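Geometric and topological summary
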Amino acid sequence: MARATRRGPDRHQRPLRTQPSARTRATLNALRTPHTSIDLIQGDISAPVTAARAVTAAQAGGLELRGVLHAAGVVEDTTLAGLDPCLLERVWQGKAAGAWSLHRATQDLALDFFVLYSSIASLTGSPGQSAYAAANGFLDGLVAHRVALGLPATGIHWGAWSEVGRGQHLAERGFLTITPANGIDALERILTAGYQHIGYSPLDIAQWIAPYPALRGSTLFASLLTESDPDQDDASAVREQLLAAEGEQGRREILETLIMTAVRDLLGGTDRHIGPHSSLVALGLDSLGAVQLQQHLQRALKTEMKPGVIWVKPSAAALTDWLLDHMGLTGPAEAK
């Protein structure tokens, strides 16, 4: 697998990729045998010249190129407000433009397979990954285009892998992920069966959409969700506990604990100290995390919050002050 990216806004500047680390080189050397050769081609796969060099290297010594696996990609999560042309192009280049370059460089060859690593993000959607989902959506279109031309093509909507790749941190947070051994086995079965479009991802739907309660009403997930909603029961319990608490200090402790626990979960169970006055920004909460935190609090407290209030009140203590006033649980509410 290779990851391709480009730095900087100038589309004509395409720096070489870095050399593999000593550990990676050792792994590659261990894979080399008298019957297996591995060549490293540095470059931006979205550049036609790089794809051509890779094809030439694969055919060196009179060998035939019989298959292509395109697994390059760049992931930059952000909300719609954070999208800009430079980010869109960075995400697009390795995934979409790279796939097109490989298609053009190999379309006259007799390949047995042409595999494009797409993502579950373009199949079910993934909050904060609109640019990434769009780039993977291009791969789906390229598969259809190649099939229409009578060329082999397989697009796989992968979920997160547990030990490699951008999504491996999800395994640490208790999400179901794909082990490398299971993924390789799935790839072999998918190619053997001759699928053209397929999604492969272990998915606990209830857990996956928990931070996004509005999705529970989506017809896409309705048949996969059980009637019981333990998260809703937990949310009701938090609100009831808050309303039943005696005194402002008791309510304050409940809210601060709720916020700090949610932040810790959003940060992947970080072991960093999170106190009532810890800066959420300094802890690493990004714009997507802020949206998820706001949705979690709205659901748990059954209240609406102003967009962006978390950036104005960027600590558990400050956010608690705002919520207590907003919910009318301490004196007259002030205009915030």
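In short, a report on the structure. All residue numbers here refer to positions counted from 1 along the written sequence of the relevant chain. Given that the model is predicted, a residue must reach a pLDDT of at least 70 before its local features are reported, and side-chain atom pairs must reach 80 or more before they are shown or counted; all residues, however, enter totals for whole chains, interfaces and linings. Here the side-chain values reflect all heavy atoms present in the structure, with hydrogen atoms and water set aside.

Re the packing of aromatic side chains
For Phe, Tyr and Trp, where Trp contributes only its six-membered ring, two rings pair if their centres lie within 6.5 Å, and the inter-plane angle classes them as stacked under 30 degrees, edge-to-face over 60, or tilted in between. Per the counting criterion, the structure on display carries 3 aromatic pairs. Between the aromatic rings of Trp92 and Phe138, the centroid separation amounts to 5.3 Å while the plane-to-plane angle is 65°, which identifies the pairing as edge-to-face. Taken together, the residues Trp92 in helix H3 (residues 85-106) and Phe138 in helix H5 (residues 130-148) connect sequence positions 46 residues apart. Buried, partly exposed and exposed residues are distinguished by accessible area as a fraction of the type maximum, computed with a 1.4 Å probe on protein chains only: under 20%, between the cut-offs, and over 50%, respectively. For Phe138, a relative accessible area of 27% puts it in the partly exposed group. A centroid spacing of 5.4 Å and a plane angle of 50° characterise the contact between Tyr117 and Trp158, whose relative ring orientation is tilted. In this pair, Tyr117 sits in strand S2 (residues 113-119) while Trp158 sits in strand S3 (residues 154-158), placing the two residues 41 residues apart along the sequence. Considered together, Tyr117 and Trp158 belong to a single accessibility category, that of buried residues. The helix count covers DSSP runs of H or I at least four residues long, the strand count covers runs of E at least two residues long, and both are numbered beginning at the N terminus.

Points about the pattern of salt bridges
The working definition used for a salt bridge is a side-chain nitrogen of Lys or Arg within 4 Å of a carboxyl oxygen of Asp or Glu. Under the counting rule described, the total for this entry stands at 5 salt bridges. Its salt-bridge partner being Asp321, residue Arg252 comes within 2.5 Å of it at the nearest N-O pair. Of this pair, Arg252 sits in helix H11 (residues 247-266) while Asp321 sits in helix H15 (residues 316-326), and the two are 69 residues apart along the sequence. Overall, Asp321 belongs to the partly exposed group, its relative accessible area being 35%. Linked by salt bridges that have partners in common, Glu64, Arg66 and Asp112 make up one network.

Things to note about H3
A helix's residues, less one, multiplied by 1.5 Å, set its expected span. Its 22 residues place the ends of H3 29 Å apart at the C-alpha level, agreeing with the 32 Å of an ideal helix rising 1.5 Å per residue. The quantity called bend is, for any residue, the angle between two axes fitted respectively to the seven residues ending at it and the seven beginning at it. The axis of H3 is deflected most strongly, by about 50°, at Gln93.

Regarding the packing of helix H2 (residues 48-58) against H3
Viewed as axis vectors pointing N to C, H2 and H3 meet at an angle of 50°, and their least axial separation amounts to 9 Å. By the criterion of interaxial angle, the relationship of H2 to H3 is oblique. Where H2 crosses over H3, the two elements pack in a sense that is right-handed. Residues Pro48, Ala51, Ala52 and Val55 of H2 touch H3, and the partners they reach there are Ser101, Leu102, Ala105 and Thr106. Considering only residue class, the contact of H2 with H3 consists of 6 nonpolar, 2 polar and no charged. Fitting a line to C-alpha atoms yields each axis, with helices limited to the stretch in contact; the angle taken between N-to-C directions then spans 0 to 180 degrees. In what follows, roughly perpendicular refers to angles from 65 to 115 degrees, roughly parallel to angles under 35, roughly antiparallel to angles over 145, and oblique to any angle outside these ranges. Should the near helix be turned anticlockwise from the far one by less than a right angle, the crossing is left-handed, and should it be turned clockwise, the crossing is right-handed. Two residues form a contact once any of their heavy atoms are found within 4.5 Å. Gly is put with the polar residues, along with every residue not named as nonpolar or charged; the nonpolar set is Ala, Val, Leu, Ile, Met, Phe, Trp, Tyr, Cys and Pro, and the charged set is Asp, Glu, Lys and Arg.

Points about unusual backbone geometry
Backbone geometry at Lys302 places phi at a positive 55°, although glycine is not the residue there. Tracing the backbone shows Lys302 in the loop between helix H13 (287-301) and helix H14 (309-312). Its relative accessible area of 47% is what places Lys302 among the partly exposed residues.

Examining the sheet that holds strand S4 (residues 197-200)
Judged by pairing direction, the sheet is parallel, and its 4 strands sit side by side in the order S1-S2-S3-S4 without closing on themselves. Both edges of this open sheet fall to strand S1 (67-70) and S4, since each of them pairs with a single strand only. Sheet twist, expressed as the average angle between the axes of neighbouring strands with direction ignored, equals 20°. DSSP-based pairing: two strands are paired if at least 2 bridges between them are found. The pairing of S1 with S2 spans 4 bridges and is classified as parallel. Counterpart to His70 in the pairing with S2 is Leu116. Its contacts with the sheet put H5 on S2, S3 and S4, and the angle it makes with S2 is roughly 155°. The strands touched by helix H7 (residues 180-193) are S1, S2, S3 and S4; relative to S3, the strand with the most contacts, the crossing angle is about 150°.

A look at the side chain of Thr303
With respect to the helices and strands, Thr303 occurs in the loop between H13 and H14. In terms of polar contacts, Thr303 uses its side chain to reach the side chain of His326, at 3.3 Å. Apart from residues lying up to four places away in sequence, Thr303 is in contact with Gln298, His326 and Met327. Between N or O atoms, a polar contact is any pair within 3.5 Å; within protein, one atom must be a potential hydrogen donor and the other a potential acceptor, and residues adjacent in sequence are included only when both atoms are from side chains.

A look at the pairing of S3
For S3, the buried fraction is high: 5 of the 5 residues fall into the buried class. By the alternation rule, side chains of S3 split into Thr154, Ile156 and Trp158 and Gly155 and His157, which are all buried. Where S3 meets S4, 4 bridges bridge the pair, whose relative direction is parallel. When the bridges of S4 are listed, Ile156 appears paired with Ile198.

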